[in-house]
Amino acid sequence: MRTKKEVRLGSCAAWEQPLSRRAMLSGMLGIAGALRGDTLMPGTAAAHEYVSVRNNSLWLDGQKFTIHGGTTYGQLDDQANLISLAHKAKINTLELVEFEREWRRLSSLTSESTWERCDELIARARSANLKVILNFSGYGHALAASGRKPTTTDWGPYLGTVMKRVNTVTGVQYCDDPTIIKLQIYGEIAAPNYSDAMRGTTAETTEFFRRTLRQLRTLDSRHIISTGGFSFINDPSSGIDWKTIMSDPLNQVCDAEINSFPDRNVSLPQVAAHASAIGKPWYLSAFSSGQGESRFPGDANYYPTDDLMAAHMEDCYRLCRAEGARPPAPQQQSIGATFWNLGDTPAAFGSCDIGPQYPLSFHTVRRWSPQSSA
């Protein structure tokens, strides 16, 4: 944990001890916010500052808002570069997912060093006029790695710690911070009828989401909450009772992912149609377009060249806009999409990072920005 140092000023020969990096960051971001006139004081955010769901769309300050996002996996140690890259990509939302310092170590999900990094990212995002999605999937994965079944573990204490946390940079409690727009519980949850040792039964999985959605809504009345993206919906024998789960009154958005072509061709149209039938929006919570060879039959995550990667990204954005996508495709527009993963690591086989190192793919992200054209 970083230690904060006092700043002391003498009356004549003024001197000061070195400021901690966190104190310096807080000051710089506060000045930047003040210059823009949007400094956020604890507990003062107005209702119009929060993104909300209305008429199957997202709304922010009286205007429709479309999520054009990227995940931040592995990018939190150079956040200035991450924010710069987000602006270059013309995205408006960063997703914090699997953000723990020690990957899938349960103790790291509650460590102060992990959450100080999250504090910093949220503060930087606000200063840069970006929004943040909090994805709690890492907690489920860490529970499983420690031998505890995620679906029968009570997530209430963990979620309470997070939502009651006061950001060490901004002084704003997480449950009150309008920089955060959406809370996602557990994406890619294990299918009950598959072979994952930590999977829940169909009943346990359904009850897990029912219970956890209620806990989260009790803790946080301001932010959009949802289950997180499902895989395996294309398989009717997977054991995921996804229609019941998505129909829960507290699940505000129907989330789906594309990891395979059956996800693209079957799951996405089904989720969009079900969402429309129950009067809810749908959202492509994750898709990848990495460089590499296919890892399983029907893999939609990897392509050998940048042009093929870009073509897949183009297809995913068209699916979300219900605009010229090849069939089968949803008939309803989504509230947006988030790709895995924003990063400018050197181009290499096996990488899922999208940045200027893949110029055609990066151009596709920019071109589909709802804010402006590339």
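Colleague: Can you tell me about the sheet that holds strand β3 (residues 63-65), naming the residues and giving the values?
Modeller: Spatial strand order, β1-β2-β3: three strands in an open sheet with antiparallel pairing. Since the sheet does not close on itself, it has two edges, and those belong to β1 (52-54) and β3, each with one partner. Neighbour-to-neighbour, the strand axes of the sheet open up by a mean angle of 55°, direction not taken into account. Sheet topology note: the strand β2 (residues 57-60)/β3 ladder contains three bridges and is antiparallel. Bridging across to β3, L60 finds its partner in Q63.

Colleague: Explain the environment of F232 to me, using residue names and the numbers behind them.
Modeller: Within the secondary structure layout, F232 lies in the loop between β8 (224-226) and α7 (242-246). With 10 residues separating them along the chain, F232 and W242 place their C-alpha atoms 9.7 Å apart. Excluding anything up to four places from it in sequence, F232 contacts I189, A191, Y194, S238, I240 and D263.

Colleague: Can you break down the pairing of strand β6 (residues 131-135) residue by residue, with the values?
Modeller: Within β6, five of the five residues are buried, leaving the element largely enclosed by the surrounding structure. Alternating positions in β6 separate into two faces, K131, I133 and N135 on one and V132 and L134 on the other, with burial throughout. Alignment of strand β5 (residues 93-96) against β6, held across four bridges, turns out to be parallel. Bridge pairing in β6 links L96 to L134. Note on the crossover from β5 through helix α3 (residues 112-127) to β6: the handedness is right-handed. The pairing of β6 with strand β7 (residues 180-184) spans four bridges and is classified as parallel. Residue L134 lies in a different strand from β7, and its bridge partner there is L183.

Colleague: Let's hear about the sheet that holds strand β10 (residues 282-288): which residues, and what values?
Modeller: Pairing in this open sheet of eight strands is parallel, and the strands run β8-β7-β6-β5-β4-β13-β10-β9 from one edge to the other. Both edges of this open sheet fall to β8 and β9 (254-258), since each of them pairs with a single strand only. Each strand axis lies, on average, 20° off the axis of its neighbour in the sheet, ignoring direction. In the sheet, strand β4 (residues 67-71) pairs with β5 via three bridges, with the strands oriented parallel. Among the inter-strand pairings, G69 is bridged to a residue of β5, identified as T93.

Colleague: With reference to specific residues and values, describe the packing of aromatic side chains.
Modeller: For the structure on display, the rule yields 14 aromatic pairs. The structure contains a cluster of three or more aromatic residues connected by ring pairs, namely F136, Y139, W155, Y158, Y186, F208, F209 and F230. Taking the ring centre of W59 as reference, the NZ or CZ of R54 above it sits at 4.3 Å.

Colleague: Break down the confidence of the model for the protein chain for me, with residues and values.
Modeller: Summing up the model confidence of the protein chain, the mean pLDDT is 90 and the portion of residues at 70 or higher is 87%. Low pLDDT, under 50, characterises residues 1-19; the stretch is placed with 21 contacts to residues that sit more than four places away or in other chains. Note that residues 31-40 has pLDDT below 50 and, in this model, 13 contacts with residues that lie over four places away or in other chains.

Colleague: Which residues make up the environment of P370, and what values do they have?
Modeller: When you line up the elements, P370 lands in the segment after α10 (359-367). Distance in space between the C-alpha atoms of P370 and G336 is 9.5 Å, their sequence separation being 34 residues. If we ignore the near neighbours within four places in the chain, the residues touching P370 are T66, H68, N92 and R321.

Colleague: Explain the environment of A310 to me, using residue names and the numbers behind them.
Modeller: Summarising the element assignment, A310 is placed in helix α9 (residues 306-321). The spatial distance from the C-alpha of A310 to the C-alpha of P359 is 8.9 Å, given a sequence separation of 49 residues. The contacts of A310, once residues within four sequence positions are left out, are L360, S361 and T364.

Colleague: Please provide a residue-by-residue account of the pattern of salt bridges, values included.
Modeller: By the definition in use, this model includes 16 salt bridges. Its salt-bridge partner being R214, residue D248 comes within 2.9 Å of it at the nearest N-O pair. Of this pair, D248 sits in the loop between α7 and β9 while R214 sits in helix α6 (residues 202-219), and the two are 34 residues apart along the sequence. By relative accessible area, R214 is classed as partly exposed at 31%.

Quick notes on the rules
- Residues numbered from 1 in each chain as written.
- Predicted model: local features only at pLDDT ≥ 70, side-chain atom pairs only at ≥ 80, totals over all residues.
- Heavy atoms only, no water.
- Pairing = 2+ DSSP bridges.
- Helix = DSSP H or I, 4+ residues; strand = E, 2+ residues; numbered from the N terminus.
- Axes fitted to C-alpha atoms, helices over the stretch in contact; angles between N-to-C directions.
- Contact = heavy atoms within 4.5 Å.
- Buried < 20%, exposed > 50% of the residue type's maximum accessible area, 1.4 Å probe, protein only.
- Right-handed = clockwise from strand over helix to strand, strands pointing away.
- Phe/Tyr/Trp six-rings, centres within 6.5 Å; stacked < 30°, edge-to-face > 60°.
- Lys NZ or Arg CZ within 6 Å of the ring centre and 35° of its normal.
- pLDDT = per-residue confidence, 0-100.
- Salt bridge = Lys/Arg side-chain N within 4 Å of Asp/Glu carboxyl O.

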